[in-house]
Amino acid sequence: MNRSSATPTNPSFHTGTGHDLDRAFPTVAAPRVARMTRIYAIANQKGGVGKTTTAVNVAACVAAAGSSTLLLDMDPQCNATVGLGLSKAITPNVYDCLAGRSTVAEAACETAVPGLWIVPSTPDLAAANMELPRVPGFESTLREALRGIDERFAYVLLDCPPSLGPLTVNALVAAERVLVPLQSEYFALEGLAGLLDTLSLIKQQFNPRLTVAGMILTMHDARTRLAQDVERDLRTHFRELLFETVIPRNVRVGESPSYGLPVVSYDPSCAGATAYASLAREVAALG
Ligand SMILES: Nc1ncnc2c1ncn2[C@@H]1O[C@H](COP(=O)(O)OP(=O)(O)O)[C@@H](O)[C@H]1O
Ligand SMILES: [Mg+2]
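Residues numbered from 1 in each chain as written. Chains lettered and ligands numbered in written order. Predicted model: local features only at pLDDT ≥ 70, side-chain atom pairs only at ≥ 80, totals over all residues. Heavy atoms only, no water.

**Points about the overall build of the chain**
Then, in step 1: Along its length, the chain carries 13 helices and eight strands.
Then, in step 2: Relative to its full complement of 287 residues, the chain shows a buried share of 53%.
Then, in step 3: Taking all contacts inside the chain whose residues are at least 6 apart in sequence as the whole, residues at least 24 apart take part in 77%.
Then, in step 4: For the chain, the accessible surface area stands at approximately 12300 Å², while carbon and sulfur atoms represent 55% of it. (Helix = DSSP H or I, 4+ residues; strand = E, 2+ residues; numbered from the N terminus. Buried < 20%, exposed > 50% of the residue type's maximum accessible area, 1.4 Å probe, protein only. Contact = heavy atoms within 4.5 Å. Areas by Shrake-Rupley, 256 points an atom, 1.4 Å probe, with all protein chains shown as cover.)

Written out as structure tokens, the structure reads:
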């Protein structure tokens, strides 16, 4: 497949055969048939654990490798939107899509990363937390809005807000897989039981195909005894559910949003960027 045809000005071009991914990520086996769109929710109701950083950087890596990718900023804080260099005041946005005022295709904006598109957020999205539950079946609003977008993107990533409210529920009903970032600290597992309960409820009631793709240890400082203990405990408890890649605490990761870029574009050779590239290879290898 020719990368030049996967131009970001053409969101309808489906690059999901895996061929280009395979070239960029030689450890990923090339699928023999065109694959389906993979919809991932990046969720953890704790704030500041690396959800947005993980969503933005994994999305940027798979997009740069040739798999056309759409990120939806589901958080009224708009960190993914601003972190990719867009304003919080764009219309149409995610809120418009949920309210039926726009289609997802109309709301998708091109980013500076080739192949990466975003449906931006706005602070007004906070109102959806009250408005959504007034409509019976509100849990499936996003799933319905994403219908038809499938063929345009190899990956759709949903960056969730730090709560288990209606926006996260919508993301979990629309997604097929969940990525759970865990901050490498003593309280890493705080709230995880609540998230897992919500996941199993949603799986039972709305979305039987939902699975946890894996947990990611973020902001890890391998020099500290605490971080080493946390990683050992998590590997013991969660085994294959914890991704092999651990994301280090890295000052460049914290800087990059202020430049409107994912760290993998801002400083591709820093430790944070190489770790996110490695995580993206693991995610891509899930098929
Ligand atoms: N690996 C890292 N090293 C340093 N800072 C990080 C790292 N990951 C995230 N951050 C910073 O920590 C803060 C919280 O991360 P963020 O991804 O926004 O979390 P969440 O979306 O879960 O609230 C942000 O300021 C972000 O830039
Ligand atoms: Mg966030």
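**Side note on the pattern of salt bridges**
Then, in step 1: Counting across every chain of the model gives twelve salt bridges.
Then, in step 2: Of the charged contacts, one joins Arg38 and Glu176 as a salt bridge, the two residues approaching to 2.6 Å between their closest N and O atoms. With Arg38 in strand 1 (residues 38-42) and Glu176 in the loop between helix 8 (166-174) and strand 6 (177-183), the pair connects residues that are 138 residues apart, well separated along the chain.
Then, in step 3: The exposure class of Arg38 is buried, given its relative accessible area of 14%.
Then, in step 4: Among the ionic pairs, Arg232 bridges to Asp229, the shortest N-O distance being 3.3 Å. In this pair, Arg232 and Asp229 both sit in helix 10 (residues 225-238), three residues apart, roughly one turn of the helix.
Then, in step 5: One connected set of salt bridges, linked through shared partners, spans Arg225, Asp229, Arg232 and Asp233. (Salt bridge = Lys/Arg side-chain N within 4 Å of Asp/Glu carboxyl O.)

**Considerations on the site of ligand 1**
Then, in step 1: Taken together, the neighbourhood of ligand 1 is formed by 14 residues, with Gly48, Thr52, Thr53, Pro248 and Asn250 sitting nearest.
Then, in step 2: Backbone polar atom of Gly50 to an oxygen atom of ligand 1: 3.0 Å apart, as the coordinates give it.
Then, in step 3: Interatomic distance of 2.5 Å between a side-chain N/O atom of Thr53 and an oxygen atom of ligand 1.
Then, in step 4: Taken by itself ligand 1 offers 550 Å² of open surface, and the protein chains cover 78% of this.
Then, in step 5: Of all the secondary structure elements, the ones that give two or more residues to the shell around ligand 1 are helix 2 (51-64), strand 8 (242-248) and helix 11 (251-255).
Then, in step 6: Of the residues belonging to the shell around ligand 1, the class tally is five nonpolar, seven polar and two charged. (Near = heavy atom within 4 Å. Polar contact = N/O pair within 3.5 Å; in protein donor to acceptor, adjacent residues only side chain to side chain. Nonpolar A, V, L, I, M, F, W, Y, C, P; charged D, E, K, R; others polar.)

**Considering a nonpolar patch on the surface**
Then, in step 1: A cluster of nonpolar side chains, Tyr186, Phe187 and Leu226, forms an exposed patch at the surface whose accessible area comes to about 370 Å².
Then, in step 2: Structurally, Tyr186 can be placed in the loop between strand 6 and helix 9 (192-205).
Then, in step 3: Under the relative-accessibility criterion, Tyr186 is labelled exposed at 66%. (Patch = residues over 30% accessible without salt bridge, like charges linked within 9 Å, V, L, I, M, F, W, Y side chains within 5 Å.)

**Comments concerning the pairing of strand 2 (residues 69-73)**
Then, in step 1: Most of strand 2 is tucked away: five of the five residues are buried.
Then, in step 2: Alternating positions in strand 2 separate into two faces, Thr69, Leu71 and Asp73 on one and Leu70 and Leu72 on the other, with burial throughout.
Then, in step 3: As paired elements, strand 2 and strand 4 (residues 116-119) share four bridges and run parallel to each other. When the bridges of strand 4 are listed, Leu70 appears paired with Trp117. (Pairing = 2+ DSSP bridges.)

**Some points on helix 13 (residues 271-285)**
Then, in step 1: Between its terminal C-alpha atoms helix 13 stretches 21 Å, which fits the 21 Å expected from 15 residues at 1.5 Å a residue.
Then, in step 2: Listed as buried for helix 13 are Gly272, Ala273, Ala275, Tyr276, Ala277, Leu279, Ala280, Val283 and Ala284.
Then, in step 3: At the C-terminal side of helix 13, Gly287 shows a positive phi close to 85 degrees. (Expected span 1.5 Å × (residues − 1).)

**Overview of the sheet that holds strand 4**
Then, in step 1: Pairing within the open sheet is mixed, and its eight strands lie in the order 3-4-2-5-1-6-7-8. The sheet terminates laterally at strand 3 (109-110) and strand 8, the two strands that pair on one side only.
Then, in step 2: Bridging between strand 6 and strand 7 (residues 211-220) involves seven bridges; their strand directions are parallel. Within strand 7, the position partnered with Gln183 by the bridge is Thr218.
Then, in step 3: Helix 9 rests against strand 6 and strand 7 of the sheet, and its axis sits at about 175 degrees to strand 6.
Then, in step 4: Against the sheet, helix 13 makes contact with strand 1, strand 5 (155-159), strand 6, strand 7 and strand 8, and its axis sits at roughly 165 degrees relative to strand 8, the strand it touches most. (Axes fitted to C-alpha atoms, helices over the stretch in contact; angles between N-to-C directions.)

**Some remarks on the nonpolar core**
Then, in step 1: Within the largest apolar cluster, 48 residues are counted, with the highest numbers of intra-cluster contacts made by Leu70, Leu72, Val119, Leu146 and Leu158.
Then, in step 2: No other element matches helix 8, which puts six residues into this core.
Then, in step 3: Beyond its immediate sequence surroundings of up to four residues, Leu158 is in contact with Ile39, Tyr40, Ala41, Ile42, Leu72, Met74, Leu142, Leu146, Ala171, Ala174 and Ala175.
Then, in step 4: In terms of nonpolar packing, the next biggest core, distinct from the first, is built from 39 residues, Ile118, Ala275, Ala277 and Ala284 among them. (Core = buried A, V, L, I, M, F, W, Y, C linked by side-chain atoms within 4.5 Å.)

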